[in-house]
Structures are given as C-alpha cells and as structure tokens.
Amino acid sequence: MSEAFPRTPEEIAEDYFARRGGILRALTDEVEDFYQACDPEKENLCLYGERNGAWSVELPAEEVPPELPEPCLGVNFARDGMARKDWLALVAVHSDAWLMAVAFFYAVKLDQEGRSKLFKQVNALPTLFELVTGRAKLPPGLKPAGAAAGGSKPAGAKRKQDGAMVSSSSSGSSVTCCTELHGRAACAATCLRPLDLHP
C-alpha cells in the first residue's frame, strides 16, 4: 500500500467511511455495474471498498498473508442462484463484516479508549445491510437497488455451487441450501447464506 496506514481513531474512521461509501454506491446507485462485474463464470471475486471512496470487484490478493483482511470470497457465485435483493443483502452483510475487520485491523495498536471511540464512530451509522434492505433510510442522493435494478431471479431458478444446490422459493424471499449436508454454521460459510434466510 502506497499510503501510510491510518493510526488515530479519527483517521481509521475516515478510512472506514470512505470504504463504506464506495461499497454502498456499488449496492445502490451503481448496482447494475456491480451486477455485471460479478459474473458467476469468473474466478472467486471479492467486492472491495477503496480508501478513496471507490469500489472494485477483483480477485483476492495473491500475497499470503494479505496486507489487509480479505473481503468475502466468491460474491459472484451466489448472484444467479437467488433473488437479487437477497444477493445484495448477502453481499452487504459480508461487506459490513469486512469493513469492521479492516477498521479493527488498523486499530490493533489503539488502547481501550481509542478502540471504544472508533467503535462509537463507526456504529453511529446504519450498516450496509440495514440500508440495502430498507431497514434504515438511504442517505440523500442514493437510490435503492430495486429502483435501478428491477427484478429478482425467477422462482425456481437453480445453480449448483461447490456441491450445494441453491434454489429460490416461489416467494423469492428464502432459499434452500446445503444445511442438511453441512450444518448451519458450515452452510453460512459454504453457501454464503445470510443467517436470517435460514429456517
């Protein structure tokens, strides 16, 4: 990374807000571009929020260990196997977790007071999941993904992913997956299902 890591709670929060803003645009205003970038025929792709407020869909870093925690691997695989709104909610959940991981990766050298201050700053905003699912109001100027993207995958659409069958239900709001094969915890990692979609 060419820039120095942010060191103070304020600098880390600023980094968090910039990365979050980029991902939020990908999941709302620029959802069609994001959808097209997540081609399921490509390798395992990740959604990155950049320090400059941009977003990108790329392969994960090749260096081991990576310089920063990695975002969820394979956001493109679930795209065609579930309703679009559910897929966007799933990407939002994983992006929220990644943003927190990056923030607290930077915060490792802060004391308890600094970490608490950072948490209060990032926790003051709604999560991406809350914004994408309509549980919180979008900031002015951003439009919901449904307004830009329209529909969801037709009911009954199926896609085989790493041995797991994923199908959308007739309501489009829940899916079945490999829970019975792997158990709930393993399924959350294997099938990339948000926890609230499981029975």
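Residues numbered from 1 in each chain as written. Predicted model: local features only at pLDDT ≥ 70, side-chain atom pairs only at ≥ 80, totals over all residues. Heavy atoms only, no water.

J.: Could you clarify how one ought to interpret the overall build of the chain in this entry?
T.: Along its length, the chain carries eight helices and five strands. For the chain, the succession of helices and strands along the chain, N to C, is α-α-β-β-α-α-α-α-β-β-β-α-α. In the chain, which comprises 199 residues, the proportion classed as buried is 44%. Across the chain, every contact between residues at least 6 apart in sequence was considered, and the portion connecting residues at least 24 apart equals 65%. In the structure as shown, the chain presents an accessible area of about 10400 Å², 54% of it carried by carbon and sulfur atoms. (Helix = DSSP H or I, 4+ residues; strand = E, 2+ residues; numbered from the N terminus. Buried < 20%, exposed > 50% of the residue type's maximum accessible area, 1.4 Å probe, protein only. Contact = heavy atoms within 4.5 Å. Areas by Shrake-Rupley, 256 points an atom, 1.4 Å probe, with all protein chains shown as cover.)

J.: What is the right way to look at the pattern of salt bridges in this model?
T.: A side chain with one charge may pair with a side chain of the opposite charge, provided their charged atoms come close. On inspection of all chains with the given rule, the structure shows seven salt bridges. In this structure, the salt-bridge partner of Arg84 is Glu32, at a minimum N-O distance of 2.7 Å. A residue pair is termed long-range when its members are at least 10 positions apart, and Arg84 in helix H3 (residues 84–106) and Glu32 in helix H2 (residues 31–37) qualify at 52 residues. Here Asp86 and Lys85 are joined by a salt bridge, their closest N and O atoms 3.6 Å apart. Taken together, the shared-partner salt bridges in this structure form one network comprising Asp15, Arg19 and Arg51. (Salt bridge = Lys/Arg side-chain N within 4 Å of Asp/Glu carboxyl O.)

J.: Would you mind showing me how to read the nonpolar core here?
T.: Where a protein is soluble and globular, its nonpolar side chains tend to be buried together. In terms of nonpolar packing, the biggest core is built from 43 residues, with Leu27, Phe34, Leu47, Trp87 and Leu88 touching the most fellow members. For this core, the secondary structure elements donating two or more residues are helix H1 (9–27), H2, strand E1 (46–49), strand E2 (55–58), H3, helix H4 (112–123) and helix H5 (128–132). Per element, the largest residue contribution to this core is eleven residues, and it comes from H3. Once you skip the residues sitting within four places of it in the chain, Leu88 turns out to touch Leu27, Val31, Phe34, Val132 and Ala145. (Core = buried A, V, L, I, M, F, W, Y, C linked by side-chain atoms within 4.5 Å.)

J.: Explain the pairing of E2 to me, please; I cannot follow it from the model alone.
T.: Remark: a regular strand shows side chains that alternate across the two faces of the sheet. Pairing of E1 with E2, which is carried by four bridges, proceeds in the antiparallel orientation. Bridge pairing links Gly49 to Trp55 in E2. Linkage of E1 to E2, two consecutive antiparallel strands, is achieved through a turn of five residues, within which Gly53 is found at a positive phi near 90 degrees. (Pairing = 2+ DSSP bridges.)

J.: How do you make sense of the packing of H1 against H3 when you look at a structure like this?
T.: Helix-helix packing is described using two parameters, namely the angle between the two axes and the distance between the axes. Running from N to C, H1 and H3 point in directions that differ by 165 degrees, and their axes come no closer than 10 Å. Here H1 is positioned roughly antiparallel relative to H3, judged by the angle of their axes. Pair H1 / H3 crosses with right-handed handedness. Where H1 approaches H3, its residues Ile12, Asp15, Tyr16, Arg19, Arg20, Ile23 and Leu27 are matched on the opposing element by Leu88, Val91, Ala92, Ser95, Trp98, Leu99, Met100, Val102, Ala103 and Tyr106. A per-class count over the contact of H1 with H3 returns 13 nonpolar, one polar and three charged. (Axes fitted to C-alpha atoms, helices over the stretch in contact; angles between N-to-C directions. Parallel < 35°, antiparallel > 145°, perpendicular 65-115°, else oblique. Left-handed = near helix turned anticlockwise from the far one by under 90°. Nonpolar A, V, L, I, M, F, W, Y, C, P; charged D, E, K, R; others polar.)

J.: Which parts of the structure should I look at to understand the state of the cysteines?
T.: Note on terminology: a disulfide is the covalent bond linking the sulfur atoms of two cysteines. Within this structure, the stated rule accounts for zero disulfides. Here Cys46 stays unpaired: no disulfide links it, and the sulfur of Cys72, its closest cysteine neighbor, is 7.2 Å away. (Disulfide = S-S within 2.5 Å.)

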